[in-house]
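Spelled out from the first residue to the last, the chains are:
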Amino acid sequence: MRPQTEALIVIDIQNDFCEGGALEVPGGSEIVQPVNALMQDFRVVVLSQDWHPARHSSFASEHPGKQPLELIEMPYGPQVLWPDHCIQGSVGAAFHPDLDVDCADLILRKGFRREIDSYSAFYENDRTTPTGLHGYLRERGVTRVVVVGLALDFCVQYSAVDAATHGFETVVLPEFCRAIDVNGSLDDARRDFVAHGVRQE
Ligand code: VGL
Ligand code: ZN
């Protein structure tokens, strides 16, 4: 068993990011059982859940003439456009049916404001609006975080880099992640981990 000071953060293992989902991450469902086993080892487990209202501004369908995976400029900076996904209350937004959600201490929802996306479990994409996760982990005495889930090159990357920036000793376990890998995003993520002192084990 890991010490009380160590948290496992499981990012977005939801139907829409698994096979047949709206924003399928190749091999997404392969990590469900390994992550279930990993959760058994931790005293502090947080699950994040991408949780968008219908007509969310990160959806390509909200931007006439734009296709998913195109980049646009938002008031808070560049934003990749996505297919409609993880709409609040939908089957796609639900956790993968085999994910052992009962192990979780906290389920943290993110991306619930229409005008702004949130890849990170710590900050929305303006990089200044906090989700409250930092305070939660701090109050529970956590000093080290292990980050796994979907997708390695978006929400896992942003969450891990934010954790490291907040002074948590941060580790990503790529074996327990899968990537989207669009326009070099996976290489960018790996470089970002190195630049921010996120260990990849
Ligand atoms: C994610 C794109 C859009 C993720 C969420 O969980 O990595 N990616 N929303
Ligand atoms: Zn999303």
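Look a little higher up for the structure.
This one's a predicted model, so the numbers in the text were calculated from it and none came from an experiment.

### A look at helix α4 (residues 185–195)
Link 1 in the chain: By the burial criterion, the buried members of α4 are S185, L186, A189 and F193. All buried residues of α4 fall inside an arc of 100° around its axis, so they share one side. Exposed positions of α4 whose direction lies more than 90 degrees from the buried face are R191, V194 and A195.
Link 2 in the chain: Positioned one or two residues after α4, G197 has a phi angle of 70°, which is positive.

### A look at the coordination of the zinc ion (ligand 2)
Link 1 in the chain: Protein coordination at the zinc ion (ligand 2): the donors are D50 (OD), H52 (NE2) and H85 (NE2), at 2.0 to 2.2 Å from the metal.
Link 2 in the chain: In this structure, the zinc ion (ligand 2) is surrounded by four donor atoms whose angles at the metal cover 88 to 169°, and the resulting shape is irregular.
Link 3 in the chain: One chain supplies every donor for the zinc ion (ligand 2), spaced along it as D-x1-H-x32-H. With H52 in the loop between β2 (44–50) and β3 (71–74) and H85 in the loop between β4 (77–80) and β5 (106–110), this pair connects stretches of sequence that are 33 residues apart.

### A closer look at the site of ligand 1
Link 1 in the chain: In the neighbourhood of ligand 1, the contacting residues comprise D12, F17, L23, D50, W82, H85, L150, A151, F154 and C155.
Link 2 in the chain: One nitrogen or oxygen atom from the side chain of D12 is found 2.6 Å from an oxygen atom belonging to ligand 1.
Link 3 in the chain: L150 places a main-chain nitrogen or oxygen 3.2 Å from an oxygen atom of ligand 1.
Link 4 in the chain: For ligand 1, whose accessible area on its own is 260 Å², the fraction buried by protein is 100%.
Link 5 in the chain: Its atoms largely coinciding with the cavity grid, ligand 1 occupies the largest cavity.
Link 6 in the chain: Across the shell around ligand 1, the residue classes break down as seven nonpolar, one polar and two charged.

Rules of the game
- Residues numbered from 1 in each chain as written.
- Chains lettered and ligands numbered in written order.
- Predicted model: local features only at pLDDT ≥ 70, side-chain atom pairs only at ≥ 80, totals over all residues.
- Heavy atoms only, no water.
- Buried < 20%, exposed > 50% of the residue type's maximum accessible area, 1.4 Å probe, protein only.
- Helix = DSSP H or I, 4+ residues; strand = E, 2+ residues; numbered from the N terminus.
- Arc of directions from axis to C-beta.
- Donors = N, O, S within 2.8 Å, 3.2 Å for Na, K, Ca; no water.
- Tetrahedral: all angles 85-135°; square planar, octahedral: opposite > 155°, others 65-115°.
- Near = heavy atom within 4 Å.
- Polar contact = N/O pair within 3.5 Å; in protein donor to acceptor, adjacent residues only side chain to side chain.
- Areas by Shrake-Rupley, 256 points an atom, 1.4 Å probe, with all protein chains shown as cover.
- 1 Å grid on protein atoms, 1.4 Å probe; cavity = no way out; pocket = protein on both sides within 12 Å on 5 of 7 lines; lining within 4 Å.
- Sits in = over half its atoms within 2 Å of the grid points.
- Nonpolar A, V, L, I, M, F, W, Y, C, P; charged D, E, K, R; others polar.

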